[in-house]
Amino acid sequence: MFDALTDRLSGVFDRLSGRGVLSEKDIDEALREVRVALLEADVALPVVREFISKAKERATGEEVIRSIRPADQVVKIIYDGLVEMLGGEAAEGLNLALNPPTVILMAGLQGSGKTTTAGKLALKLAKDRKKVLLASLDTRRPAAMEQLAMLAKQAEVDSLPIVPGQSAPDIARRAMSAAKLQGFDVVILDTAGRTTIDEAMMSEAAEIAKIASPTETLLVADSLTGQDAVRTAKAFHERLPLTGLVLTRADGDGRGGAALSMRAVTGLPIKFLGVSEKIDGLDAFDARRVAGRILG
Ligand code: GDP
């Protein structure tokens, strides 16, 4: 996803290291090029501004210019800035409830990869020996309910039996009582996706959140939709108490910068990356690994 950005940045760094001794002007010029590279990759403007101003502060001191390999110092400053932009060094995994069940509420627009991600999470948790229940609350799309039941089979976890005609809040209540009666460690609730954010969707999601008191409310967003994904995340976060983000299609070849802006714009931790269509295609998000990949 970050190939173009990687190419651009390595060009900047090559020119810089080719110079040997650096002046403040050289560093300024390099940072200007980094700025353009980030903007072209579709990183949101305010995020780029903040990034560059911090990098400038760190890079223009005598320490960098006088160091033995100043270009390496600049690369390190850019790396540190990226890690910071992506949420820092500590990886934020899933929070589990002290008293089971842990409830994970999945939210997102239709087509974002929400249902697939619910299945992927179930598999991950099952591998950690958790007893997982998947429940689809997508009452408007029977196909989505079937899809989740199929994913549950693949992940070898349980899915809540489908009862036609029940409302989403009713299904949420049924899932919660099944979890308590049958001793599930984790309940994953897949909410209905819509093509646009609307009032009905938000009030339904808010009602479900009230019923299920989720430990995690994860917004699933498609990285390939660029700044639209960022706007969606902001809009959801204004209405639902989200606890984290999952960015899908990180395996695609979009520009990637929107995904890089996500954390800074919403303040929410990115917890996972969807990296393939397959059920095991979900990686725990690691800011250092992503920053390292961007720098090539
Ligand atoms: P939902 O409407 O949000 O529940 O979306 P789905 O889970 O049905 O996913 C829509 C499509 O995106 C499906 O074809 C998925 O296989 C695909 N998909 C989901 N996540 C990823 C991902 O991380 N990478 C790729 N390449 N495809 C994905």
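Scroll up a little and you will see the structure.
An account of the accompanying structure is given in this report. (Residues numbered from 1 in each chain as written. Predicted model: local features only at pLDDT ≥ 70, side-chain atom pairs only at ≥ 80, totals over all residues. Heavy atoms only, no water.)

**Notes on the packing of helix 1 (residues 3-19) against helix 2 (residues 24-40)**
Right, on to step 1. For the pair helix 1 and helix 2, the least separation of the axes is 9 Å and the interaxial angle reads 175°. Of the possible angle classes, the one that applies to helix 1 and helix 2 is roughly antiparallel. Counting all contacts with helix 1, which are made through Leu5, Arg8, Leu9, Val12, Arg15, Leu16 and Arg19, the residues of helix 2 involved are Asp26, Glu29, Ala30, Glu33, Val34, Val36, Ala37, Leu38 and Glu40.
Right, on to step 2. By residue class, the composition of the contact of helix 1 with helix 2 is 9 nonpolar, no polar and 7 charged. (Axes fitted to C-alpha atoms, helices over the stretch in contact; angles between N-to-C directions. Helix = DSSP H or I, 4+ residues; strand = E, 2+ residues; numbered from the N terminus. Parallel < 35°, antiparallel > 145°, perpendicular 65-115°, else oblique. Contact = heavy atoms within 4.5 Å. Nonpolar A, V, L, I, M, F, W, Y, C, P; charged D, E, K, R; others polar.)

**Looking at the site of the ligand**
Right, on to step 1. Around the ligand sit 18 residues, and of these Gly111, Thr115, Thr116, Arg249 and Asp251 come closest.
Right, on to step 2. Interatomic distance of 2.7 Å between a backbone N/O atom of Gly111 and an oxygen atom of the ligand.
Right, on to step 3. Between a nitrogen atom of the ligand and a side-chain N or O atom of Asp251, the distance comes to 2.7 Å.
Right, on to step 4. Burial of the ligand by the protein chains amounts to 81% of its free accessible area of 580 Å².
Right, on to step 5. Take the shell around the ligand: its biggest share by element is 4 residues, from helix 6 (residues 114-127). (Near = heavy atom within 4 Å. Polar contact = N/O pair within 3.5 Å; in protein donor to acceptor, adjacent residues only side chain to side chain. Areas by Shrake-Rupley, 256 points an atom, 1.4 Å probe, with all protein chains shown as cover.)

**Here we look at the packing of helix 5 (residues 70-85) against helix 12 (residues 287-294)**
A packed helix pair is summarised by two numbers, namely the angle formed by the two axes and the spacing between the axes.
Right, on to step 1. Two elements in contact, helix 5 and helix 12, have axes separated by 9 Å at closest approach and are oriented at 135°. By the angle between their directions, the pair helix 5 and helix 12 is classed as oblique. The two elements helix 5 and helix 12 meet at a crossing, and its hand is right-handed. Taking contact as the criterion, the partners of Tyr79, Leu82 and Val83 in helix 5 are, on helix 12, Ala287, Arg288, Ala291, Gly292 and Ile294.
Right, on to step 2. Residue composition of the contact of helix 5 with helix 12, by class: 6 nonpolar, 1 polar and 1 charged. (Left-handed = near helix turned anticlockwise from the far one by under 90°.)

**Topic: empty space enclosed by the protein**
Right, on to step 1. Enumeration over the complete set of coordinates arrives at 5 cavities of 30 Å³ or more.
Right, on to step 2. The volume enclosed by the largest cavity comes to roughly 90 Å³.
Right, on to step 3. Along the wall of the largest cavity there are 13 residues; nearest its centre are Ala135, Ser136, Met145, Leu160 and Ile162.
Right, on to step 4. For the lining of the largest cavity, the elements supplying multiple residues, two or more each, are strand 2 (132-136), helix 7 (142-155) and helix 8 (168-182).
Right, on to step 5. A per-class count over the lining of the largest cavity returns 10 nonpolar, 2 polar and 1 charged.
Right, on to step 6. Size it by volume and the second largest cavity reaches roughly 80 Å³. (1 Å grid on protein atoms, 1.4 Å probe; cavity = no way out; pocket = protein on both sides within 12 Å on 5 of 7 lines; lining within 4 Å. Points joined across faces, edges and corners; volume = space filled by probe spheres on them.)

**Comments concerning the packing of aromatic side chains**
Aromatic ring pairs: the centre-centre distance and the angle between the two ring planes describe each pair.
Right, on to step 1. A complete count under the given rule lists 0 aromatic pairs for this structure.
Right, on to step 2. Over the face of the ring belonging to Phe184 we find Lys131, whose NZ or CZ atom lies 4.3 Å from the ring centre. (Phe/Tyr/Trp six-rings, centres within 6.5 Å; stacked < 30°, edge-to-face > 60°. Lys NZ or Arg CZ within 6 Å of the ring centre and 35° of its normal.)

**Quick look at the pattern of salt bridges**
Right, on to step 1. Enumeration over the complete set of coordinates arrives at 21 salt bridges.
Right, on to step 2. A salt bridge links Arg19 to Asp26; the nearest nitrogen and oxygen atoms lie 3.8 Å apart.
Right, on to step 3. Asp80 is the salt-bridge partner of Lys76, the closest N and O atoms lying 2.8 Å from each other. Of this pair, Lys76 and Asp80 both sit in helix 5, 4 residues apart, which is roughly one turn of that helix. (Salt bridge = Lys/Arg side-chain N within 4 Å of Asp/Glu carboxyl O.)

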